[in-house]
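Structure at a glance
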Amino acid sequence: MIDASMWLDATDYVPRRLLMHMDMENDGRHVPLTLELLLSDYQQQGSLLVAGRHAMRLSGLMEAMAADSKDRKELEKARREAEKLRAQMANMDEQMAQVPASMRGRVQAQVDKALAQLEMLTNDGTFATEMTYRIYSVDQGPPFDWMPMPGRDG
């Protein structure tokens, strides 16, 4: 790790952003990595504030995984092919109109997944994910009228 920075909310004293810069060395080659975590949509849960949205980005990992020159050449080849596929997928709207409505949602989900993978390959290889949470209770215990159910053996 080279450095890390954390931003705290000045009012509620909760973390808002974490940024880490790292350097990965493999066979004498240095590759920079960056990890960013954004926390937002805090919800009050009893006396706690809990982040309802976590967005994370990790960049540089694909280059770090391409350890030797052969791997780097394969990565560049995959990126060139991904650019060609992206151009072909630009015409998918016309083809999607011909897919039956009952299957369109499922097919669109697969197309969206493929586009996200292509985007990752053709850009700087940044992995991004976002999670949202809705917390209904924290340590409330079982419901008042809850009773354990005995198993078959007893």
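Summary of the structure given here. (Residues numbered from 1 in each chain as written. Predicted model: local features only at pLDDT ≥ 70, side-chain atom pairs only at ≥ 80, totals over all residues. Heavy atoms only, no water.)

Relative to strand S2 (residues 15–26), strand S1 (residues 3–8) runs antiparallel, the two sharing 6 bridges. Among the inter-strand pairings, Trp7 is bridged to a residue of S2, identified as Arg17. The loop that links S1 with its antiparallel partner S2 comprises 6 residues; one of these, Tyr13, has a positive phi angle of about 55°. (Pairing = 2+ DSSP bridges. Helix = DSSP H or I, 4+ residues; strand = E, 2+ residues; numbered from the N terminus.)

What follows concerns the nonpolar core. If you look at the biggest cluster of nonpolar residues, it comprises 5 residues: Met20, Met22, Leu33, Leu35 and Leu58. Elements with a contribution of two residues or more to this core: S2 and strand S3 (29–45). What Met22 contacts, discounting residues up to four positions off in sequence, is Met1, Ile2, Val31, Pro32, Leu33, Thr34 and Leu35. (Core = buried A, V, L, I, M, F, W, Y, C linked by side-chain atoms within 4.5 Å. Buried < 20%, exposed > 50% of the residue type's maximum accessible area, 1.4 Å probe, protein only. Contact = heavy atoms within 4.5 Å.)

Turning next to the pattern of salt bridges. Opposite charge on two side chains lets them pair, provided their charged atoms get close. Applying the stated criterion to the full structure yields 4 salt bridges. With a closest N to O distance of 2.8 Å, Arg17 and Glu36 form a salt bridge. You can see Arg17 sitting in strand S2 and its partner Glu36 sitting in strand S3, a full 19 residues away along the chain. Exposure remark for Glu36: the relative accessible area of 15% places this residue in the buried category. Close ionic contact of Glu130 with Arg53 constitutes a salt bridge, the shortest N to O distance being 3.0 Å. (Salt bridge = Lys/Arg side-chain N within 4 Å of Asp/Glu carboxyl O.)

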